[in-house]
Amino acid sequence: MSEDHPVEKLDKMQAEKELIRLNEILDRANSDYYSNDAPILSDAEYDTLKKRNLDIESRFPNLKLKNSVSDKIGSKPSSTFKKIKHTVKMLSLANGFDEQDIIDFDQRVKKILGFEDRVISYVAEPKIDGLSLSLKYIDGKLFQATTRGDGEVGENVTENAITIQNIPKYIHNAPSILEIRGEVYMSLNDFNELNIKQKNIDAKIFSNPRNAAAGSLRQLDSKVTASRPLKFYAYAWGEVSTPISDTQYNAIDRLRKFGFSTNDLTKKCYGPKELISHYDNISNKRADLGYDIDGVVYKVDNLSYQDRLGFRSTTPRWAIAHKFPAEIAQTWLESIEIQVGRTGALSPVARLKPVNVGGVIVSNATLHNEDYIKGKDSKGNIIRGGNDIREGDWVYVYRAGDVIPKISDVDVSKRISTSKPYTFPSFCPECSSPSERIEGDSVARCIGGITCPAQAVQGLAHFVSRGAFDIDGLGNKQIEQFYQLGWVKEPADIFKLKLRYENGIKRLENRDGWGQKSANNLFNAIESKRTIPLNKMLYALGIRHVGETSATLLSKHYKSFDNLKKSMNEAKSLEGSSWSDLMSIDGVGEILAKAVVQIFNNPAQRQIIDNLVEELVIENEIENIVSGSPLEGMVVVFTGSLELMTRSEAKISAEKFGAKVSGSVSKKTDLVVSGPGAGSKEKKAIELGVKVLSESEWLKLINLNNLSDAK
Ligand code: IVH
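Residues numbered from 1 in each chain as written. Predicted model: local features only at pLDDT ≥ 70, side-chain atom pairs only at ≥ 80, totals over all residues. Heavy atoms only, no water.

K.L.:
What is the right way to read the overall build of the chain from this model?
P.N.:
Within the chain, the secondary structure is distributed over 24 helices and 24 strands. Over its C-alpha trace the chain gives a radius of gyration of 28 Å, about what one expects of a compact globule, namely 27 Å for 711 residues. Taken over the C-alpha atoms alone, the chain extends approximately 70 × 70 × 60 Å along its principal axes. Here the chain holds 711 residues, and 51% of them are scored as buried. Across the chain, the fraction of contacts at a sequence separation of at least 24, relative to all contacts at a separation of at least 6, is 68%. Surface summary for the chain: the accessible area is close to 33,600 Å², and the carbon and sulfur share equals 49%. Computed over 96 positive and 95 negative side-chain charges, the separation of the two mean positions in the chain equals 2 Å. (Helix = DSSP H or I, 4+ residues; strand = E, 2+ residues; numbered from the N terminus. Rg over C-alpha atoms; globule rule 2.2 N^0.38 Å. Buried < 20%, exposed > 50% of the residue type's maximum accessible area, 1.4 Å probe, protein only. Contact = heavy atoms within 4.5 Å. Areas by Shrake-Rupley, 256 points an atom, 1.4 Å probe, with all protein chains shown as cover. Lys, Arg positive; Asp, Glu negative; His and termini not counted. Charge placed at Lys NZ, Arg CZ, Asp CG, Glu CD.)

Structure, rendered in structure tokens:
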């Protein structure tokens, strides 16, 4: 599915498939972005995908995956620094992309607060493109600095943060506990100078200031950080022993008085019109600021309103980031190459004259499939005005949508008269098997299956990749080598490697990069993965449509491999109770379900799975017991005209404590909160013996967070 396919036009099955795909890309991008300082997606494309995911989820709320990326903030922190749990979570921001998104944001705020007729005051400030940092001061002394990590647990980078010059080490007249949050960044001049220095000493060149800042802060040797020109802007706070202000604007002023740098373009704005005009003002200044920003952040000014608005799982309802649009660049398409994927898909890739797109050098772009090259989307609709894409064309490239950059358009005016339309190959370029394109599928596939070396090697590479078996020392290169040698043809062979080829590997010594030590390390790494959680094992199998997210869904549902295997055998005919049971999993649709059942019932594939299982100890899924609020999992119904809170506030308050809000009373209802004028719902609740509370009783209950007398 391409991102060009509008969300409004997706049917349920497509939406389901798309959610799974988006969650996988975003999950992968998250760990790359936060852990590797070398992102696979630019911020703009990440935002586009995240928004698409949210849009699909809001159109099809029932299809939302249980561990959707919308509920996660970042990725797990890298393992090299000491972990610190944030006392107050470090949140992310929801994004808006156009004026309507900002008008909608203002409307939502007003609706929740019940202030439909009032003008809300906001604070607008540049969204600095760096990485967030939390600084904890105890009795005025800088005590600890922590990166955001996944929002709940970050990395202790205190030694490094101390080296940043404009971070105060002591502050006067501060609350005894004061946690200041803001952005670490690098100015454009400093970034360019740093890269020149790096080049001179043959060291890593950073692709943009954000990566340079992240790479510089997350150094194990604080001397390296000290040598890097990092700066800090303060814009928020976490744990405080006494409140620092009653408005956002005054809070920023206070941060400045504490000695922090705050951004001069911070402005109080009344209503969305003023916000947008400040956005335009900042956009006009963007090129001359001397540091990268990627949008403007709007925050409700009144802190008691912020409190009432509260949070969604990872973002505050009282703020939004108004993002700048994605960048586009023009370049020359040198050639079109066909790559053969793990599932045999023949994917055309554009080899481009390298070009800088939003700070990242791009030299490849996806061309999706045959139709896309011809100027049609997967539904047969005309795209790019029907213009095809040819080798030798000038094309527009953008990084807003996928791991690989995309081509938005082709400049036909620059096309030379001798250029010819591209002919899509009817044979696999790797194994020469014919390719086939099943009706209704936009992708042509090599029919060679595991006999196609490209498919086999990619399948094995996937098997050992991060998220799957993640075997240290066994990357694409080694897999390719062992495959060529005939040592590893299927996953089980990896676990037989030592027994069968130990001496062989030793003989590879000093050739092809293998020595005794690396071979031993490899065998140890393989051994350490013989025991594997069920979800990772399922993901590693590389079943079509089963990514990390859906593998986890399956694992959580079936709990053990034996149980899963038994159910898949029983579901062979795609009907009956085991099939319905599989289809009942929230987040599992027919396409995915079929793929799983089919792989378990295909004799050749099944043999490969059985061979593998013989080598492994597969850990069963252990139920996560959530020790949360006593309202967790309860179904609450609000009825009547509520007087002490707006309906949105009521819903938010219930969800905050883990309850589900339903519109109708049934046997499943645990609590009914009833305001004046309540009618049939209250009556039904009484008939069913469901506990009914008044509004004030409800407020008392959630304040006490104690349900002992409610049930
Ligand atoms: S406020 C509870 N203000 O943007 C809200 N964030 O996309 C906390 N950022 O994680 C964030 N400039 O790293 C806020 N003026 C600003 C910001 C800003 C940059 C970053 C920050 C945050 C990310 C969310």
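From this point, the narrative continues.
K.L.:
Just to check I follow, could you spell out a negative patch on the surface for this structure?
P.N.:
Residues Asp98, Glu99, Asp104 and Asp280 make up a contiguous surface patch of negative charge. Its place among the elements puts Asp98 in the loop between strand 2 (95-96) and helix 3 (99-113). (Patch = residues over 30% accessible without salt bridge, like charges linked within 9 Å, V, L, I, M, F, W, Y side chains within 5 Å. Salt bridge = Lys/Arg side-chain N within 4 Å of Asp/Glu carboxyl O.)

K.L.:
Help me out: how do you make sense of the environment of Phe657 in this one?
P.N.:
Mapped onto the elements of the fold, Phe657 is located in the loop between helix 22 (647-656) and strand 22 (660-662). For Phe657, a relative accessible area of 17% puts it in the buried group. Sequence separation of Phe657 and Lys374 is 283 residues, and the distance between their C-alpha atoms is 52 Å.

K.L.:
Explain the packing of helix 14 (residues 491-507) against helix 21 (residues 603-615) here, please?
P.N.:
Relative orientation and spacing of two packed helices are given, respectively, by the angle between their axes and the distance between those axes. Between helix 14 and helix 21, the shortest axis-to-axis distance is 7 Å and the interhelical angle comes to 35°. Both helix 14 and helix 21 take part in a crossing whose hand is left-handed. Together, Pro491, Ala492, Phe495 and Lys496 of helix 14 and Ile608, Asn611, Leu612 and Glu615 of helix 21 make up the contact between the two elements. Residues that form the contact of helix 14 with helix 21 fall into these classes: 5 nonpolar, 1 polar and 2 charged. (Axes fitted to C-alpha atoms, helices over the stretch in contact; angles between N-to-C directions. Left-handed = near helix turned anticlockwise from the far one by under 90°. Nonpolar A, V, L, I, M, F, W, Y, C, P; charged D, E, K, R; others polar.)

K.L.:
Looking at this model, I keep getting lost on the sheet that holds strand 21 (residues 635-639). Mind explaining?
P.N.:
Each strand in a sheet pairs with another by means of backbone hydrogen bonds, the pair being arranged parallel or else antiparallel. The 4 strands are arranged 22-21-23-24 in an open sheet whose pairing can be described as parallel. Pairing within the sheet leaves two strands with one partner each, and these edge strands are strand 22 and strand 24 (691-694). Each adjacent strand pair in this sheet contributes to an overall mean axis angle of 30°, direction not counted. Judged from the 4 bridges that link them, strand 21 and strand 23 (residues 671-674) form a sheet pairing that is parallel. Along strand 23, the bridge assignment pairs Val637 with Val672. (Pairing = 2+ DSSP bridges.)

K.L.:
In this structure, what is going on with the site of the ligand? I would like to understand it.
P.N.:
Close to the ligand lie 15 residues; Glu125, Arg148, Glu183, Tyr235 and Lys299 are nearest. The contact in question runs from an oxygen atom of the ligand to an N or O atom on the side chain of Lys127, over 3.1 Å. Coverage of the ligand by the protein amounts to 89% of the 520 Å² it exposes when considered alone. At the level of elements, strand 3 (121-128) and strand 10 (293-300) are the ones that each hand at least two residues to the shell around the ligand. Broken down by element, the shell around the ligand gets its largest block of residues, 4 residues, from strand 3. For the shell around the ligand, a count of residues per class yields 8 nonpolar, 2 polar and 5 charged. (Near = heavy atom within 4 Å. Polar contact = N/O pair within 3.5 Å; in protein donor to acceptor, adjacent residues only side chain to side chain.)

K.L.:
I'm lost on helix 15 (residues 516-528) in this one. Help?
P.N.:
The periodicity of an α-helix, 3.6 residues per turn, causes residues three or four places apart in sequence to face the same way. Over its 13 residues, helix 15 runs 18 Å from end to end, which matches the ideal 18 Å to within 8%, given 1.5 Å per residue. Those residues of helix 15 lying buried are Ala519, Leu522, Phe523, Ala525 and Ile526. Buried residues of helix 15, viewed axially, fall in a sector of 160°; they line one side. More than 90 degrees from the buried face of helix 15, the exposed residues found are Lys517 and Asn524. Next to the buried residues of helix 15 lie helix 13 (476-485) and helix 14. (Expected span 1.5 Å × (residues − 1). Arc of directions from axis to C-beta.)

K.L.:
What am I meant to see in the sheet that holds strand 7 (residues 177-185) here?
P.N.:
As summarised here, the arrangement of the 4 strands in space is 5-4-7-8, forming an open sheet in which the pairing is antiparallel. Among the strands making up the open sheet, the edge pair consists of strand 5 (141-147) and strand 8 (231-240). Pairwise comparison of adjacent strand axes, ignoring direction, gives a mean angle of 30° for this sheet. Two strands pair when backbone bridges link them, and strand 4 (residues 131-138) and strand 7 are joined in this way by 8 bridges, in the antiparallel orientation. Residue Ser134 lies in a different strand from strand 7, and its bridge partner there is Arg181. Strands strand 7 and strand 8 of the sheet are contacted by helix 8 (residues 248-258), whose axis makes an angle of about 115° with strand 8.

K.L.:
Even after reading the chapter, I still don't get the nonpolar core, so can you show me in this structure?
P.N.:
Within soluble globular proteins, side chains that are nonpolar generally end up buried alongside one another. With 60 residues, the main nonpolar core has Phe482, Ile494, Leu497, Met537 and Leu582 as its most contacted residues. Ignoring sequence-local partners within four residues, the contact set of Leu497 consists of Phe482, Trp487, Val488, Glu502, Ile505, Leu522, Phe523 and Ile526. With 32 residues, the next largest nonpolar core counts Ala213, Ala251, Ile252 and Phe260 among its residues. (Core = buried A, V, L, I, M, F, W, Y, C linked by side-chain atoms within 4.5 Å.)

K.L.:
Would you mind showing me how to read the pairing of strand 23 here?
P.N.:
Along any regular strand the residues' side chains alternate between the sheet's two faces. Here strand 23 shows a buried face lined by Leu671 and Val673 and a second buried face lined by Val672 and Ser674. Sheet topology note: the strand 23/strand 24 ladder contains 4 bridges and is parallel. Paired with Ser674 across the two strands is Ser694, which belongs to strand 24. Handedness of the strand 23-helix 23 (residues 680-688)-strand 24 crossover: right-handed. (Right-handed = clockwise from strand over helix to strand, strands pointing away.)

K.L.:
Would you mind showing me how to read the pairing of strand 7 here?
P.N.:
Along strand 7, 8 of the 9 residues are buried, which leaves the element largely enclosed by surrounding structure. Bridge analysis of strand 7 against strand 8 gives 7 bridges, and the strand direction is antiparallel. Bridge pairing links Gly182 to Ala234 in strand 8.

K.L.:
What exactly am I supposed to notice about the packing of aromatic side chains here?
P.N.:
Two aromatic rings are characterised by how far apart their centres lie and by the angle between their planes. Following the criterion strictly, the structure yields 16 aromatic pairs and no others. On the basis of an interplanar angle of 25° and a centroid distance of 5.7 Å, the ring pair of Phe482 and Trp487 is categorised as stacked. One exposure class covers both Phe482 and Trp487, and it is buried. Seen from the ring of Trp394, Lys414 lies directly overhead, with NZ or CZ sitting 4.8 Å from the centre. The side chain of Lys489 reaches across the aromatic face of Tyr483, ending 3.9 Å from its centre. (Phe/Tyr/Trp six-rings, centres within 6.5 Å; stacked < 30°, edge-to-face > 60°. Lys NZ or Arg CZ within 6 Å of the ring centre and 35° of its normal.)

K.L.:
Whenever I open this one, the confidence of the model for the chain confuses me. Can you help?
P.N.:
Taken over all residues, the pLDDT of the chain has a mean of 88, while the share at 70 or more is 93%. Segment residues 706-711 is flagged for pLDDT under 50; beyond a separation of four residues in sequence, or across chains, it makes 12 contacts in the model. (pLDDT = per-residue confidence, 0-100.)

K.L.:
In this structure, what is going on with the pattern of salt bridges? I would like to understand it.
P.N.:
Proximity of charged atoms lets side chains of opposite charge pair with each other. Applying the stated rule across the entire model yields 29 salt bridges. Note that Lys231 and Asp190 form a salt bridge whose closest N and O atoms lie 3.7 Å from each other. Remark: Asp190 occurs in helix 5 (residues 188-200) and Lys231 occurs in strand 8; sequence separation between them is 41 residues. Owing to a relative accessible area of 30%, Lys231 belongs among the partly exposed residues under this scheme. Look at Asp190 and you get buried, because its relative accessible area is 19%. As a salt-bridge pair, Asp253 and Arg256 come within 2.3 Å of each other at their nearest N and O atoms. Here Arg256 and Asp253 lie together in helix 8, a separation of 3 residues that amounts to about one turn. For Asp253, a relative accessible area of 24% puts it in the partly exposed group. Salt bridges here are not isolated pairs; linked through shared partners, they connect Glu370, Asp371, Lys374 and Arg437.

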